[in-house]
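Commentary on secondary and tertiary structure
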Amino acid sequence: MTSKMIFDEIHGFIKVNDVERAIIDTPIFQRLRHIAQTGLAYYVYPGATHTRLSHSIGVLHLAGRVGSNLLNEGYLTSDELQLLRLAALLHDIGHYPLSHSLELCLFRLYGESACHENLTLEVLRKSIIADKLKDYGYTPNEITSILKGEYKNNLLSQIISSDTDIDKMDYLLRDSKHTGVAYGVIDVERLVNTLSVDANGDLALLEKGLGALENLYLARLQMYKTVYYHKTIVSFELMLGEIYRELVERGEIMILNEVYSKVSSEEFVFFNDHYIFNKLYNIILNEKNYPKSIVNYAKMFIARRPLKILFDFSVYFFDKMPLPLGEDFISLKEIENTIPFESEILFVKKPIKIIIDGSKGESVPATSDRIQTIIRYIPRGLIIKRLYAKIA
């Protein structure tokens, strides 16, 4: 295969081969160029205008690095390495406009069925991406099985999606750089070069990579609290949700079933951030046709005027969940013209194992008391409860 070099601001020059380039050059992949990686984060951090496209190529690069190491150690074949690279490249192909910002709105309307992972599987099966894969001798089912955690070699799925995966490594570095906050700076070099396989055949980390792992967990914790769930960013996401719900009721924006039905058509390519902003501009230009509250939301959104926050509470939790908030939050939620926001974020789900005996591949969870680490004392998650004032 011939190769092409793409320059990335995080990883430097990234080499892509024929099949990867063919996929990148499709309109449906280029759609990611018009989807902000961190959604509406640029409303607070103006530099956060990077896209899902650059992130996807970055994850491809890290897949190649980790996969090549495991290939040299005999845990992957060359065919599996290529499948890993393709799955990494395509893992976010089904993201909604404005990434998780719009996904939050869709969750409130449709529940868990609206997750972008489901749309990704649909795109892989029914779009031009499936044709490109087949042109080079690969099948959509191979890629979807990796993304669903069902591939015969479970290492491929674990490399892309686990507590210590290449997706997190890239987005923490990339989001930190573009937002300008220092919390997401992690030692990717150390992590990539100390990932290995334990005696059970699972992805694990050599003990000498433990310091870099501790840093990754802390970085993720800080980025979620400081950036991803920033109170002002959430304010605009809630406004977007109010607008989206109104447009759905009026039949003026694609509902979830319509989005899925467009996957195989050229129209899906235009389902990006511009699609959403055009809807907002249309409301403002035709304000007589819309409820006053929706017009106000649209104008506030465009002018970057956030909702007033009435209540803001967050708490880290460890092994046990904290007790629910008392009557204060419950009574506030009952106040008219308010929008509640509640979220539970897990930082540590299934900790990666640490190889403590390289000759036997013996491993223990990163939270084990058999190793010296601060990971045992890092919160497992964060609970956020907020209340915002609605606009009449």
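That block above? That's the structure.
A brief structural summary. (Residues numbered from 1 in each chain as written. Predicted model: local features only at pLDDT ≥ 70, side-chain atom pairs only at ≥ 80, totals over all residues. Heavy atoms only, no water.)

1. Some words on the packing of aromatic side chains
We apply this condition: When two rings of Phe, Tyr or Trp (its six-membered ring) have centres within 6.5 Å they constitute a pair, described as stacked for plane angles under 30 degrees, edge-to-face for angles over 60, and tilted for the intermediate range. Helix numbers and strand numbers start at the N terminus; a helix is a DSSP run of H or I with at least 4 residues, a strand a run of E with at least 2. The rule is simple: take the accessible area with a 1.4 Å probe, protein chains only, and divide by the maximum for that residue type; under 20% is buried, over 50% is exposed, in between is partly exposed.
Summed over all chains, the structure comprises 15 aromatic pairs. For the ring pair tyrosine 229 and phenylalanine 341, a centre distance of 6.2 Å and an interplane angle of 45° mean the geometry is tilted. Of this pair, tyrosine 229 sits in the loop between α12 (210–228) and α13 (231–249) while phenylalanine 341 sits in strand β6 (residues 338–346), and the two are 112 residues apart along the sequence. A residue is classified by how much of its surface remains accessible, and phenylalanine 341, at 3% relative accessible area, is buried. Each residue in the set Tyr42, Tyr43, Phe236, Phe277, Tyr281 and Phe301 is aromatic and connected to the rest through ring pairs, giving one cluster.

2. Here's the deal with the side chain of aspartate 8
Mapped onto the elements, aspartate 8 comes out in strand β1 (residues 3–8). Residue class for aspartate 8 comes out buried when judged on its relative accessible area of 4%.

3. Comments concerning the pattern of salt bridges
Quick note on the threshold: Here a salt bridge means any side-chain nitrogen of Lys or Arg lying within 4 Å of a carboxyl oxygen belonging to Asp or Glu.
By the definition in use, this model includes 18 salt bridges. Glutamate 242 is the partner of arginine 245 in a salt bridge, and the nearest nitrogen-oxygen pair spans 3.2 Å. Highlighted residues: arginine 245 and glutamate 242, both in helix α13, separated by 3 residues, approximately one helical turn. By relative accessible area, which is 15% here, glutamate 242 ends up buried. Salt-bridge contacts for glutamate 342 lead to lysine 385; the nearest nitrogen and oxygen are separated by 2.8 Å. Linking glutamate 342 in strand β6 with lysine 385 in strand β9 (residues 381–389), this pair joins segments that are 43 residues apart in sequence. For glutamate 342, a relative accessible area of 39% translates into the label partly exposed. With relative accessibility at 16%, the residue lysine 385 sits in the buried group. A network of salt bridges, in which partner residues are shared, links Asp8, Glu9, Asp170 and Arg174.

4. Thoughts on helix α5 (residues 100–110)
Put simply, the test is: Two residues form a contact once any of their heavy atoms are found within 4.5 Å.
All of the buried residues along α5 are Ser101, Leu102, Glu103, Leu104, Cys105 and Leu106. Where the residues of α5 are buried, they touch α6 (116–126), α13, α15 (273–285) and β6. Positive phi shows up at glycine 111, right after α5, with a value of about 80°.

5. Side note on a nonpolar patch on the surface
Note the cut-off: Nonpolar side chains (Val, Leu, Ile, Met, Phe, Trp, Tyr) within 5 Å and like charges within 9 Å form the patches, drawn only from residues with over 30% relative accessible area and no salt bridge. What sets the accessible areas is the Shrake-Rupley method with a 1.4 Å probe; for residues, cover comes only from the shown protein chains.
There is a patch of nonpolar side chains on the surface, built from Met5, Phe7 and Phe13 and spanning about 370 Å² of accessible area. With respect to the secondary-structure elements, methionine 5 resides in strand β1. Its relative accessible area of 43% is what places methionine 5 among the partly exposed residues.

6. Considering the sheet that holds strand β7 (residues 353–357)
This is how the line gets drawn: Two strands qualify as a pair provided DSSP detects at least 2 bridges between them. Here, axes are lines fitted to C-alpha atoms. For helices the fit covers the stretch in contact, and angles between N-to-C directions go from 0 to 180 degrees.
Across the sheet, 4 strands lie side by side as β3-β4-β7-β8; this open sheet has mixed pairing. This sheet does not close on itself; its edge strands, each paired only once, are β3 (195–197) and β8 (362–365). Each strand axis lies, on average, 50° off the axis of its neighbour in the sheet, ignoring direction. Of the strand pairs in this sheet, strand β4 (residues 203–206) and β7 are connected by 3 bridges, and their pairing is parallel. In the strand pairing of β7, leucine 206 is matched with isoleucine 355.

7. Remarks on the packing of α6 against helix α8 (residues 140–147)
The test is simple: Each angle is binned into one of four classes, with values under 35 degrees roughly parallel, values over 145 roughly antiparallel, values of 65 to 115 roughly perpendicular, and all other values oblique. Put simply, a crossing is left-handed when the front helix is turned counterclockwise from the back one by less than a right angle, and right-handed when it is turned clockwise. Under this grouping Gly is polar, as are all residues other than the nonpolar Ala, Val, Leu, Ile, Met, Phe, Trp, Tyr, Cys and Pro and the charged Asp, Glu, Lys and Arg.
As a packed pair, α6 and α8 sit with axes 9 Å apart at the nearest point and diverge in direction by 165°. One element, α6, and the other, α8, form an angle in the roughly antiparallel class. Relative to α8, the crossing made by α6 is right-handed. Across the interface between the two elements, Thr120, Leu121, Leu124 and Arg125 from α6 touch Pro140, Ile143, Thr144 and Leu147 from α8. Taken together, the residues of the contact of α6 with α8 break down into 5 nonpolar, 2 polar and 1 charged.

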